[in-house]
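# Breakdown of the fold
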Amino acid sequence: MWQSLGRFILKYRLALLLLLVALTGFMAYQASKVQLSYDFARAIPINNPKYKDYQEFRKKFGEDGNLLVIGIQTDKFFTEKIFNSYTRLLRNLKKVNGVDDIISVPSAVNLKKDTATEKLKADTIFFDRNLSQAEIDSSAATFLSLPFYKGLLYNPSTNAWLMGVRINKDLMASKSRIGVVNTISKLADEFGKENNLTVYKSGLPHIRTELSVRITKEMRFFIAASLILSAIILLAFFRSFSAMWLSLAVVLIGVIWSFATIQMMGYKISILNALIPPLIVVIGIPNCIYFLNKYHTTYGEIGDDATNPAARKKHALITMVQKMGVVTLFCNLAAAIGFAVFALTQSQILKEFGIVAGINIMLLFFISLIFIPAVLSYLPAPKKRHTKYLHSPRLNRWLDRLERWSLNHRKLIYVVTIAIVAVSIGGIFKLKSLGYIVDDLPKTDKLYTDLRFFESNFKGVMPLEILVDTKKKYGVSRNLGNLERIDSLSQFIASIPGIAKPLSITEGLKFAKQAFFDGDSNSYSMPSSYDLPALSQYLSMKSDSGGAKNSFAKLISTFMDSEKQQARISVSMADVGSIRLPSILDSIQQRAEHLFNRDSIEALTADAATKNEHKDDSLWGKRTHNIQLTGTSVTFLEGSHYIINGLKDSIFWAFLLIALCMLYLFRSARILICSLIPNIIPLVITAGIMGWAGIPLKPSTVLVFSVALGIAIDVTIRFLVNYKQELPLYNYDMKQTVIETIHSTGISIIYTSLVLIAGFIIFCFSGFDGTKALGWLTSLTLVTATFTNLVLLPAILISFVKMKKEKKNKMA
């Protein structure tokens, strides 16, 4: 079959090449339309309850992750130069298209009691113009007497000041947000330069935008670096520019097709599938090396037929397709499985990565199968310098050593392997699963250090939302008990380390009570049942300044729904990680249930007991209040769980599917065992090193195992297929066949392993720790897999030969 396919490709080479060029042109057009993804919560399936809750929350209350924060630290904030400059920054930011609202010290409002109209007036504290020092001092005294803003806009103990810029939610999901965020950052940096102050910027709009820009830059760098590195290695191996350009053309076509696949599948470029194009380069080059290696080997073995060199080249090309077609097919299939199993997970971002990578690795096989023999048929026959690498004395000496080890030191190989595996298993038990929202950023990165500034001065910027549903219209605004419970829950949340002072309707009521009692800061507390009757008529605010009213009224109105049935408690918190976050959420949930549903649950439980009914979860459906925790922090945790669990499942499916492929290919349980052992051990060693080194399991590190398995198994397939093909030539002498296989495949295995290792090492130059981990952990796994396949695998095969002979002797 493969021999006939080789003849077909050579016979219709021109038509096939033109078809490939036409398809690549179409794919290039599709690739030109691919877009970046700006969605942050795509790790969760759209049918997940928490995802649905989050989307419902966003529809009702708006986007929770569209606040960009700007921070400075100075004890001279209320000096004339700095404060007026800060006010100009505020005015300039308001002019930026896409900025919906800004909360800051200069735009802060104060509530004042108007006894004539019996209403509260919301007026700005600072006039919107350049102020004298005396005016600033007077207004600053008023501002600092308002507890509402303490911890929200300033930290008196650290002299830190915060400005919150709310960006339009529609812009947040479009490319336009890059320009908006860059403009805001530029204006903030100009303010810092003008006043010789360090400006800190954070918040999800800033983090997401910066990450998307970096993803684009890194993707371009990795593609260029992998191509350059591959070109250098190919030129060093083959000493042929034509072989180099041929191989680069194959992977360039693969890269174009990968971008086109992303677009045609309706996906966008994310932090994960941005790795696919450079991976195509890394995986595609070994295809070219194996094809070229077999072509050169066969061309040399045929002998110098000077009378018909064209026939010699044609025979070599057909043999290349015949021998390497099935090998490359199953190698690419195994690699594709290593990626495609991610499509079996419930995480959307992993599904996309798995589908696109799996499809394009298989497409790469067909591109290589058609393009390489067709183009080689038009090129001159290889010269002696092009095949010189086949007779490298240094590599042949190493292969001789590998042969001696496999033949004469098998027991030592087994003992060393068992010892290393035992130590690695000890490390596996030390593995822990831990993730952060900005997990992959280096600790010295400004994005990371700026986030830590807000965590140390304002306890963080990551959004967490608590939604209290009273199940009754006006159940929030006309029920003092519910308001007191909301305040009690807010105080409990504020007492948790790493969480800022929550904002809710009760903070607005406290502010109103302070205004009612003529601005006395001691009156900043929840109104009592005695205060409310007198205060209620003042709660309908009026203002001579529409801007002042809007700034404060908008803030307060966002904490209740239109029917005053649901109340929102909005919290900013630190990026505490996936280990601590669940305990925080559980404690908040339990406290909320205790406050709002204790009486109803106790009554229902007692009623069930008197009726001899069993207490079960149905009682929770009869609660008087529904408490729901949502927001970006919750969706991050849920998405992290989905990714980690999905990646663990993918490893199992990768093993199973690859094992089935190997069983189909070799039709032997013994060969199947031989093939899996050398590939399981490198994964165990890598996991052990992670455990001993304290590297946690997170999406970027768990990804390594399925990817490395799919790629490392290529070496095993090439070795065993060659072993199977050579076995009849040596009269089924298994020992001699193993020796010859080490020499015939060893050089190409070493070359392709070097290419793969070097290709993944490129990822170590990433600005994301997760991508770095993918690079060095995969490289480590591939290094180990090369040794196990060239040392341990031959030793196991020879041991099986001896066991088979001993069994025959006993039976005789």
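Everything numeric in this text was worked out from a predicted model, so none of it was measured.

### A word on the overall build of the chain
The number of helices and strands found in the chain is 25 helices and 10 strands. Within the span of the chain, comprising 812 residues, buried residues form 57% of the whole. A separation of at least 24 residues holds for 80% of the contacts in the chain among residues at least 6 apart in sequence. For the chain, the computed accessible surface area is about 35,100 Å², with 59% contributed by carbon and sulfur atoms.

### A closer look at helix α12 (residues 348-378)
The terminal C-alpha atoms of α12, which comprises 31 residues, lie 45 Å apart, in line with the 45 Å expected from a rise of 1.5 Å per residue. Among the 31 residues of α12, 23 are classified as buried, and the element is accordingly described as predominantly covered.

### Description of the packing of helix α9 (residues 241-264) against helix α10 (residues 276-302)
At a minimum axis separation of 8 Å, α9 and α10 run at an interaxial angle of 145°. In this structure, α9 meets α10 at a crossing whose hand is right-handed. Touching A243, L246, S247, V250, V251, G254, V255, S258 and F259 of α9 are I276, P277, I280, V281, G284, I285, C288 and L292, all from α10. Here the residues of the contact of α9 with α10 sort into 13 nonpolar, four polar and no charged.

### Some words on the packing of aromatic side chains
Inspection of the entire model under this criterion finds 29 aromatic pairs. Here the aromatic rings of F365 and F366 are separated by 5.1 Å at their centres, their planes lie at 65°, and the arrangement is edge-to-face. Look at F366 and you get partly exposed, because its relative accessible area is 45%. Where F454 meets F458, the ring centres are 6.4 Å apart and the plane angle is 35°; that geometry is what we call tilted. Here F458 and F454 lie together in helix α15 (residues 446-458), a separation of four residues that amounts to about one turn. Residue class for F458 comes out buried when judged on its relative accessible area of 4%. One aromatic cluster in this structure is built from F77, F78, F83, Y86, F126, F143, F148, Y149, Y154, W161, F191 and F511.

### A short note on the nonpolar core
Generally speaking, nonpolar side chains in soluble globular proteins are found buried as a group. Grouped together as the largest cluster of nonpolar side chains are 261 residues, with contacts concentrated most on F78, F143, Y149 and I466. Dropping the residues within four chain positions of it, Y149 is found in contact with A108, V109, F143, Y154 and F511.

### What about unusual backbone geometry?
You will see that K471, though not glycine, has its phi angle at about 65°, which is positive. One can find K471 in the loop between β8 (462-469) and α16 (480-494). For K471, a relative accessible area of 36% corresponds to the partly exposed category.

### Quick notes on the sheet that holds strand β10 (residues 626-630)
Across the sheet, three strands lie side by side as β9-β8-β10; this open sheet has antiparallel pairing. Two strands bound the open sheet, and with one partner strand each, they are β9 (566-573) and β10. Between one strand axis and the next, the sheet turns by 15° as a mean value, whatever way the strands run. With eight bridges joining them, β8 and β9 adopt antiparallel strand pairing. From the neighbouring strand, M462 faces β9, where its bridge partner is M573.

### A closer look at the pairing of β8
Most of β8 is tucked away, with eight of its eight residues classed as buried. Of the strand pairs in this sheet, β8 and β10 are connected by five bridges, and their pairing is antiparallel. If you follow E465 over to β10, its bridge partner there is T630.

### Some words on helix α8 (residues 204-238)
Residues spaced three or four apart along an α-helix face the same direction, because each turn holds 3.6 residues. Look at α8: 49 Å from first C-alpha to last across 35 residues, which is about the 51 Å you get at 1.5 Å a residue. The first or second residue beyond α8 is R239, which carries a positive phi of 50°.

### Points about the side chain of N66
Note on placement: N66 falls in the loop between α3 (49-61) and β1 (67-73). At 3.2 Å, the side chain of N66 and the side chain of R166 are in polar contact. Here the side chain of N66 touches I167 through a polar contact of 2.9 Å, landing on its backbone oxygen.

### Observations regarding the packing of α10 against helix α11 (residues 309-340)
Two numbers describe how α10 lies on α11: the axes approach to 8 Å, and their chain directions differ by 150°. Classified by the angle their axes make, α10 and α11 are roughly antiparallel. Pair α10 / α11 crosses with right-handed handedness. Class assignment for the residues of the contact of α10 with α11 results in 12 nonpolar, eight polar and four charged.

### Looking at a nonpolar patch on the surface
Together, L344, F652, W653, L656, L657 and L660 make up a nonpolar patch on the protein surface, roughly 560 Å² of accessible area in all. Along the polypeptide, W653 turns up in helix α21 (residues 632-666).

### Quick notes on the pattern of salt bridges
Counting across every chain of the model gives 12 salt bridges. Between K446 and D450 there is a salt bridge whose closest N-O contact spans 3.0 Å. In this pair, K446 and D450 are both assigned in helix α15, four residues apart and thus about one turn of the helix distant. Exposure remark for D450: the relative accessible area of 2% places this residue in the buried category. The network of salt bridges with common partners includes E210, R214 and D445.

### Some remarks on the side chain of S107
On the secondary structure map, S107 appears in the loop between β2 (99-103) and β3 (109-114). A polar atom in the side chain of S107 sits 3.0 Å from the side chain of S104.

### Points about empty space enclosed by the protein
Across all of its chains, the model carries four cavities of 30 Å³ or more by this definition. Taken as a whole, the largest cavity spans an internal volume of roughly 90 Å³. Along its surface, the largest cavity is lined by I283, P286, N287, Y290, N332, A335, I711, D714, V715, R718, T752 and L756. Considering only residue class, the lining of the largest cavity consists of seven nonpolar, three polar and two charged. The calculated volume of the second largest cavity comes to roughly 70 Å³. Lining of the second largest cavity is provided by I215, E218, M219, F222, I271, A274, L275, F768 and T771.

### Examining the environment of K501
With respect to the secondary-structure elements, K501 resides in the loop between α16 and α17 (505-516). Sequence separation of K501 and F458 is 43 residues, and the distance between their C-alpha atoms is 8.8 Å. From its side chain, K501 meets the backbone oxygen of P147 in a polar contact 3.2 Å long. Polar side-chain contacts of K501 include one of 3.3 Å to the backbone oxygen of K150.

### Regarding the confidence of the model for the chain
For the chain, mean pLDDT is 82; residues scoring 70 or higher make up 90% of the total. Across residues 541-551 the pLDDT falls below 50, and counting only partners more than four positions away or on other chains, this stretch makes 26 contacts in the model. Here residues 613-620 is a poorly scored stretch, pLDDT under 50, and it has seven contacts once near neighbours within four places are set aside; other chains count.

### Points about the environment of S504
Among the structural elements, S504 can be located in the loop between α16 and α17. When the C-alpha atoms of S504 and S490 are compared, they prove to be 7.9 Å apart, with 14 residues separating the residues in sequence. Here T506 takes part through its side chain, which lies 2.7 Å from a polar atom of the side chain of S504.

About the criteria used
- Residues numbered from 1 in each chain as written.
- Predicted model: local features only at pLDDT ≥ 70, side-chain atom pairs only at ≥ 80, totals over all residues.
- Heavy atoms only, no water.
- Helix = DSSP H or I, 4+ residues; strand = E, 2+ residues; numbered from the N terminus.
- Buried < 20%, exposed > 50% of the residue type's maximum accessible area, 1.4 Å probe, protein only.
- Contact = heavy atoms within 4.5 Å.
- Areas by Shrake-Rupley, 256 points an atom, 1.4 Å probe, with all protein chains shown as cover.
- Expected span 1.5 Å × (residues − 1).
- Axes fitted to C-alpha atoms, helices over the stretch in contact; angles between N-to-C directions.
- Left-handed = near helix turned anticlockwise from the far one by under 90°.
- Nonpolar A, V, L, I, M, F, W, Y, C, P; charged D, E, K, R; others polar.
- Phe/Tyr/Trp six-rings, centres within 6.5 Å; stacked < 30°, edge-to-face > 60°.
- Core = buried A, V, L, I, M, F, W, Y, C linked by side-chain atoms within 4.5 Å.
- Pairing = 2+ DSSP bridges.
- Polar contact = N/O pair within 3.5 Å; in protein donor to acceptor, adjacent residues only side chain to side chain.
- Parallel < 35°, antiparallel > 145°, perpendicular 65-115°, else oblique.
- Patch = residues over 30% accessible without salt bridge, like charges linked within 9 Å, V, L, I, M, F, W, Y side chains within 5 Å.
- Salt bridge = Lys/Arg side-chain N within 4 Å of Asp/Glu carboxyl O.
- 1 Å grid on protein atoms, 1.4 Å probe; cavity = no way out; pocket = protein on both sides within 12 Å on 5 of 7 lines; lining within 4 Å.
- Points joined across faces, edges and corners; volume = space filled by probe spheres on them.
- pLDDT = per-residue confidence, 0-100.

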